[in-house]
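What follows is each chain in one-letter form.
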Amino acid sequence: MTEPHDPDDGTRRPSDAGPVENGGGVLALDQSASSAAYDPAPDKERSEGRAGRFWSARRVPAGIVAAVVLGASGLLLYDVAAVRAGHPAMQWRRTLADELATRRLDDVWVLTGASIAAALGLWLLLLALTPGLRDLLPMRRAHTDVRAALDRTAAAMVLRDRAVEVSGVQSVRVRMGRSRVGVRAVAHFRELDDVRADLDTALSTGIRELGLARQPSLSVHVRRPAKKG
């Protein structure tokens, strides 16, 4: 028998709407799923300033590009200075000049080199225009001059610790994204809808208490352990 739905608990029970069908059309009687809806942060807890994502310094790509440009420029300047001093140009520069003068624009090597250069240029533009640091979740800014972030792995561990405290939960997997939290739990006793409702409540409270600037949505799936044999 299904418990009556309480409109104030912030959850939706699948059993209230009848049996749920899985992808193969078989009634899924040994699992319970929901997308919990919870109130956003109260007005007194909202950010005083915009909490944007943290930007990566891109030290490794910047260092590689700087080293390549510096080495190529230094070698070219040395060769030009040597030619001005009466010495012959280096073999690589004479070969490169001959190749550029004799090869057609539709040559395979010319097209390959142009494609590689274009791909590297697009990669550098992508790095310059995207913030990176996807593992850091910005937190609410209580003060405009203070910024903080929470690591996604740490946030997932906090929510997992809350989930395993729910009665009936045997194991939990939490996948923490920037816009969604996916929770998959295994319950070895109690009704699945009851376990899922308690998980909705506990995890919704946990997400609010993380203090994130952008609170992700919550998706909870509960099932029975796999039968042995």
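Rules used throughout
Residues numbered from 1 in each chain as written. Predicted model: local features only at pLDDT ≥ 70, side-chain atom pairs only at ≥ 80, totals over all residues. Heavy atoms only, no water. Helix = DSSP H or I, 4+ residues; strand = E, 2+ residues; numbered from the N terminus. Contact = heavy atoms within 4.5 Å. Areas by Shrake-Rupley, 256 points an atom, 1.4 Å probe, with all protein chains shown as cover. 1 Å grid on protein atoms, 1.4 Å probe; cavity = no way out; pocket = protein on both sides within 12 Å on 5 of 7 lines; lining within 4 Å. Points joined across faces, edges and corners; volume = space filled by probe spheres on them. Expected span 1.5 Å × (residues − 1). Polar contact = N/O pair within 3.5 Å; in protein donor to acceptor, adjacent residues only side chain to side chain. Axes fitted to C-alpha atoms, helices over the stretch in contact; angles between N-to-C directions. Parallel < 35°, antiparallel > 145°, perpendicular 65-115°, else oblique. Left-handed = near helix turned anticlockwise from the far one by under 90°. Nonpolar A, V, L, I, M, F, W, Y, C, P; charged D, E, K, R; others polar.

**Some points on the overall build of the protein chain**
And step 1. Within the protein chain one finds five helices and six strands.
And step 2. Ordered by position from N to C terminus, the α and β elements of the protein chain give β-α-α-α-β-β-α-β-β-α-β.
And step 3. Within the protein chain, contacts between residues at least 6 apart in sequence are counted, and of these 64% link residues at least 24 apart.
And step 4. Summed over its atoms, the accessible surface of the protein chain is roughly 15,900 Å², and 59% of this surface lies on carbon and sulfur atoms.

**Focus: the layout of surface pockets**
And step 1. What the second largest pocket holds in volume is close to 220 Å³.
And step 2. Contributing elements (two or more residues each) for the lining of the second largest pocket: strand E4 (169-176), strand E5 (180-187) and strand E6 (217-223).
And step 3. At four residues, E5 tops the list of elements feeding residues into the lining of the second largest pocket.

**With respect to helix H3 (residues 108-129)**
Since the α-helix packs 3.6 residues into each turn, any two residues three or four apart lie on the same face.
And step 1. Given a rise of 1.5 Å per residue, 22 residues ought to cover 32 Å, and the 31 Å separating the end C-alpha atoms of H3 matches this to within 8%.
And step 2. Capping of H3 at its N-terminal end is provided by Asp107; its side-chain oxygen lies 2.9 Å from the backbone amide nitrogen of Trp109.

**Concerning the packing of helix H4 (residues 152-164) against helix H5 (residues 192-209)**
And step 1. Two numbers describe how H4 lies on H5: the axes approach to 9 Å, and their chain directions differ by 150°. In terms of axis orientation, H4 runs roughly antiparallel to H5. Handedness of the crossing formed by H4 with H5: right-handed. On H5, the residues touching Leu159, Arg162 and Ala163 of H4 are Leu199, Ala202, Leu203, Thr205, Gly206, Ile207 and Glu209.
And step 2. Here the contact of H4 with H5 is composed, by residue class, of six nonpolar, two polar and two charged.

Everything listed here is a matter of geometry and, on its own, says nothing about what the molecule does.
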